[in-house]
Amino acid sequence: MKELLQVQNVKKTFKISAKQQKIQKTKERIKVAVDHLSFTAYQGEVFGLLGSNGAGKTTTLRMMAALITPDEGDVVVDGTSVVKSPAEVRGKIGFLTSELKLEEFFTPNYLFDFFAELHGVEKEAAVKRKRELFEKFQISQFAEVKVANLSTGMKQKVSLVISIVHDPDIIIFDEPTNGLDVLTARVVTDFLLELKEQGKTIVVSTHIFSLIEKICDRVGIIIDGKMAVCDTLEHLTAGKSLEERFFDIYAERAGESYEK
Amino acid sequence: MKSNVITVMKKEFTRFFMDRRMVLTTLLMPGIMIYLLYSFMGQGFVSSHEDYQARVCVQNLPESIEAMAAQGEAIVFSEISGEQEREQAVKELEEGEEGYDLVAVFPEGFEEQVAAYDMSAGGQAPAVELYYNSANTDSQSAYSILLEVLDTYESSLANKFDVNPGENVYDLATEEDMSVQIFSMMVPMLLMVFLFSGCMAIAPESIAGEKERGTIATLLVTPMKRSHLALGKIVSLSVIAILCGFSSFVGTMLSLPKLMGGEVSINANVYGIQDYLMLLLVILSTALVIVALVSIVSAYAKNVKEATSWVTPIMIVSMLLGVTSMVDSLCMTEPVWFLIPLYNSAQCMSGIFSLEADMVNIAVTVVANICYAGVGVFVLTKMFDSEKVMFSK
């Protein structure tokens, strides 16, 4: 299988402001968010990143999406380096995270056209894709309603659709079902499976075990910015539930801090 | 990806022009409010002088003064006699009671005393007492009106020569000259202020606002070049800032004759197409510089509030530079001075409005401003690229 996405020994640190030092009760001035992390996603597979809050999942995904640059290491997306050609990488991937908001003044219809134009999608192709995606997610009903007037679930559907406006082969989703009601979460999960069937390479970050079990081929567990385990779902669980295995690994790696 | 600058511009224009509230508050309201405010102020000023009649309580009113005051129809006299009545009138005036605006006391036989007075003899001149309340607008106006009548009376007593008698035209300034004078003095500063205000109303919202709301990050994950985003934002915001400034400018120009009591007629026909073209070039390049400056500050700020507070001192500096067009000693003509941003714009506008535009200086100004705006686009591009700037919290 083709290695479509390679995360190569990436490290990312952030400066901690005096205010944050007080809040976090630490004297450290630098926080290592991701510590020499590596993994590979193969063409057509769904790779799940599992970890607790603050483990470094989102930072890893942001580096993969060329939104931030690694301090060390590199991410190679379909042969293109994030460090050397970030704009090219952005054109190859679809990235969805809760941090990315939609301008509330505009309608889903306008935003789809706008982002299609930014991604250089031909007009005819954009019209066709909009029709397909809007139908699939039932966005047509509120396509002309301003984002400000949409519910959280509707906004998430629009965000998802806009993130894949250019039909990318590599899709990176950060907590795609977070904050959604069960119905919308189901729609998103089904869509991820559909994308998998289409042969798309997907990297999903989540802390919802059932989502990982349902859609992922391989899983990486991140603890304190480091890759604790990276294996196929079958090997990793070895008869146990993913949740059980996660806590076993977490207790083993995080040690005292977890046991407390 | 070449069209991304246009795409960003289209989005910025849509965002602005489709938002009725924004168009109303930043584009229409300033012009309308300025027009109404200035017109109201001017109207109030004129009507207060035209309609006002001073109510003067007078003792021993001389016929000559009465006749002179009757010509202007601005004074209504009420005669009193005796010390008691006078004291009562002064007391009422002091206590602010409705009735009189002023109490005037002439000595008995005032005209005879004036005729008999010999200044060279050094005696005491006949004294007129005017009691008024300077804290009361009507009383202050009554005082001014009566004082003017008395001055005219005094001048008529020793009329040994006249200055500009008859109805000949002695002021050789034409209406156009007056317009040129007013435009070159006031408009450069006003334009600078209006351009900056227009920019202040939109740029922090468009850049710091997008950063604050997290919508700019959504743009940053697209393959669009950061420079396209920066250029698209700066050019579209400049156009909107010019429109906002134009609204305020039109409001001011339309209300200016009213503000000046209708005594001045301003005629912009004195300027030709060439002047307007030069003005347009200067304004466009100035708007680019201002928007670039405000955009950089806005990109660095964490939110709109912070951006606005940081931009305010820059606006004050810009206003001060605009004022230089009013001070002759600060008006330099050497081209090197026209490399100073904003100062160059104010001076060029002043030159154009006074019909003394120097083509070299205008060229230096426009080129320098475009270069500064280019530097602004470059800096903004770098800022959009900087995760520390764009994702700092």
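Below or above, wherever it landed, is the structure these notes cover. (Residues numbered from 1 in each chain as written. Chains lettered and ligands numbered in written order. Predicted model: local features only at pLDDT ≥ 70, side-chain atom pairs only at ≥ 80, totals over all residues. Heavy atoms only, no water.)

With respect to the nonpolar core
- Counting 155 residues, the largest nonpolar core has L5(A), M64(A), F95(A), I172(A) and V203(A) as its most contacted members.
- Of all the elements, helix 7 (residues 175-213) of chain B adds the most residues to this core, at 17 residues.
- Setting aside anything within four residues of it in sequence, one finds L5(A) in contact with F39(A), T40(A), A41(A), M64(A), V75(A), V76(A), V77(A), I170(A), I172(A) and V203(A).
- In this structure, Y52(B), A54(B), A69(B) and L150(B) belong to the second largest nonpolar core, which totals 20 residues. (Core = buried A, V, L, I, M, F, W, Y, C linked by side-chain atoms within 4.5 Å. Buried < 20%, exposed > 50% of the residue type's maximum accessible area, 1.4 Å probe, protein only. Helix = DSSP H or I, 4+ residues; strand = E, 2+ residues; numbered from the N terminus. Contact = heavy atoms within 4.5 Å.)

Some thoughts on the interface of chain B and chain A
- Taken residue by residue, the interface counts 26 residues in chain B and 25 residues in chain A.
- Note on chain B versus chain A: buried area summed over both sides is about 2400 Å², and carbon and sulfur give 63% of it.
- Three residues, V221(B), P223(B) and E387(B), lead the burial of chain B against chain A; their summed loss comes to 25% of the area buried on that side.
- Here chain B is connected to chain A by 4 salt bridges.
- The interface formed by chain B and chain A contains 10 residue pairs in polar contact (both at pLDDT 80 or more).
- Broken down by class, the residue content of the side of chain B that touches chain A amounts to 10 nonpolar, 7 polar and 9 charged. (Buried area = accessible area lost by both parts, 1.4 Å probe. Salt bridge = Lys/Arg side-chain N within 4 Å of Asp/Glu carboxyl O. Polar contact = N/O pair within 3.5 Å; in protein donor to acceptor, adjacent residues only side chain to side chain. Nonpolar A, V, L, I, M, F, W, Y, C, P; charged D, E, K, R; others polar.)

Focus on the environment of E95(B)
Residue and element names in this part refer to chain B.
- As for its position among the elements, E95 is in the loop between helix 4 (83-94) and strand 3 (102-105).
- Of the residues examined, E95 reaches a relative accessible area of 48% and is grouped as partly exposed.
- Considering only alpha carbons, one finds E95 and Y35, 60 residues apart in sequence, at a separation of 39 Å.

Some words on the sheet that holds strand 4 (residues 129-132) of chain B
Residues and elements named next belong to chain B.
- Spatially, 4 strands are ordered 2-1-3-4 in an open sheet, and the strand pairing comes out mixed. Of all the strands in the sheet, the pair left with one neighbour each is strand 2 (75-80) and strand 4. Averaged over all pairs of adjacent strands, the angle between strand axes in this sheet comes to 25 degrees, irrespective of strand direction.
- In the sheet, strand 1 (residues 54-59) pairs with strand 3 via 4 bridges, with the strands oriented parallel. From the neighbouring strand, C57 faces strand 3, where its bridge partner is V103.
- Relative to strand 4, helix 6 (residues 137-157) is tilted by about 160 degrees, and along the sheet it contacts strand 1, strand 2, strand 3 and strand 4. (Pairing = 2+ DSSP bridges. Axes fitted to C-alpha atoms, helices over the stretch in contact; angles between N-to-C directions.)

The values reported here are purely geometric and, on their own, carry no functional implication.
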